[in-house]
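Below, each chain spelled out in residue letters.
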Amino acid sequence: QVSLVETGGGSVQAGGSLRLSCAASGSTFRGIVMGWFRQARGKEREFVAGIGRIGTITNYGDSVKGRFSISRDNAKNTVFLQMNSLKPEDSAVYYCAATPTISNWRSQHDYDYWGRGTQVTVSS
């Protein structure tokens, strides 16, 4: 069992930045692949970013490449999502997810554990 808690969501103006954090507990954090997904109102859940067990390998959704950055601190059992140059279309509930194994970084079905989400709202 893995418990995930997201923090750092809020409201920001277009062009601004936010940093989301996801604290994990209940398992060996260094052995778990971590990811971020988001879901805007009326839209399907979308892959945002993923990071491997030691943080060397990262993957990003096309819509956030060059603007978002995922990282992890295994000593703190925490994964981060730095979001820069935010756009109104980035507004969504952002979910932290985790899995010990993975086949498709972009598929929500490959993640076994989920946080409850944190709201990000970007105003124009």
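To be clear, the structure that these remarks concern was listed above.
All figures in this text were calculated on a predicted structure; none of them were measured in a lab. (Residues numbered from 1 in each chain as written. Predicted model: local features only at pLDDT ≥ 70, side-chain atom pairs only at ≥ 80, totals over all residues. Heavy atoms only, no water.)

Overview of the overall build of the protein chain
Then step 1. The helix and strand tally for the protein chain stands at zero helices and eleven strands.
Then step 2. Taking 2.2 N^0.38 as the reference for a compact globule, 124 residues should give roughly 14 Å; the C-alpha atoms of the protein chain span a radius of gyration of 13 Å, in line with that estimate.
Then step 3. Considering only C-alpha atoms, the protein chain reaches an extent of 40 × 25 × 25 Å along its principal axes.
Then step 4. For the protein chain, long-range pairs separated by at least 24 residues make up 57% of all intrachain contacts whose partners lie at least 6 apart in sequence.
Then step 5. Across the protein chain, 14 positive and 9 negative side-chain charges occur, with their mean positions spaced 4 Å apart. (Helix = DSSP H or I, 4+ residues; strand = E, 2+ residues; numbered from the N terminus. Rg over C-alpha atoms; globule rule 2.2 N^0.38 Å. Contact = heavy atoms within 4.5 Å. Lys, Arg positive; Asp, Glu negative; His and termini not counted. Charge placed at Lys NZ, Arg CZ, Asp CG, Glu CD.)

Things to note about the packing of aromatic side chains
Then step 1. For the structure shown, the criterion picks out four aromatic pairs.
Then step 2. In textbook terms, an aromatic cluster arises when at least three aromatic residues are bridged by ring pairs, as seen for Phe37, Phe47, Tyr111 and Trp114.
Then step 3. Positioned above the aromatic ring of Tyr95 is the side chain of Arg45, whose terminal nitrogen or guanidinium carbon lies 4.2 Å from the ring centre. (Phe/Tyr/Trp six-rings, centres within 6.5 Å; stacked < 30°, edge-to-face > 60°. Lys NZ or Arg CZ within 6 Å of the ring centre and 35° of its normal.)

Structural notes on the sheet that holds strand β1 (residues 3–7)
Sheet strands associate in pairs through backbone hydrogen bonding, adopting either a parallel or an antiparallel arrangement.
Then step 1. Here four strands make up an open sheet; going across it, the order is β1-β3-β8-β7 and the pairing antiparallel. The sheet is open, and its two borders are formed by β1 and β7 (68–73), each paired with just one other strand. Recorded for the sheet is a direction-independent mean angle of 15° between the axes of neighbouring strands.
Then step 2. As paired strands, β1 and strand β3 (residues 18–25) are joined by five bridges and run antiparallel to one another. Paired with Val5 across the two strands is Ala23, which belongs to β3. (Pairing = 2+ DSSP bridges. Axes fitted to C-alpha atoms, helices over the stretch in contact; angles between N-to-C directions.)

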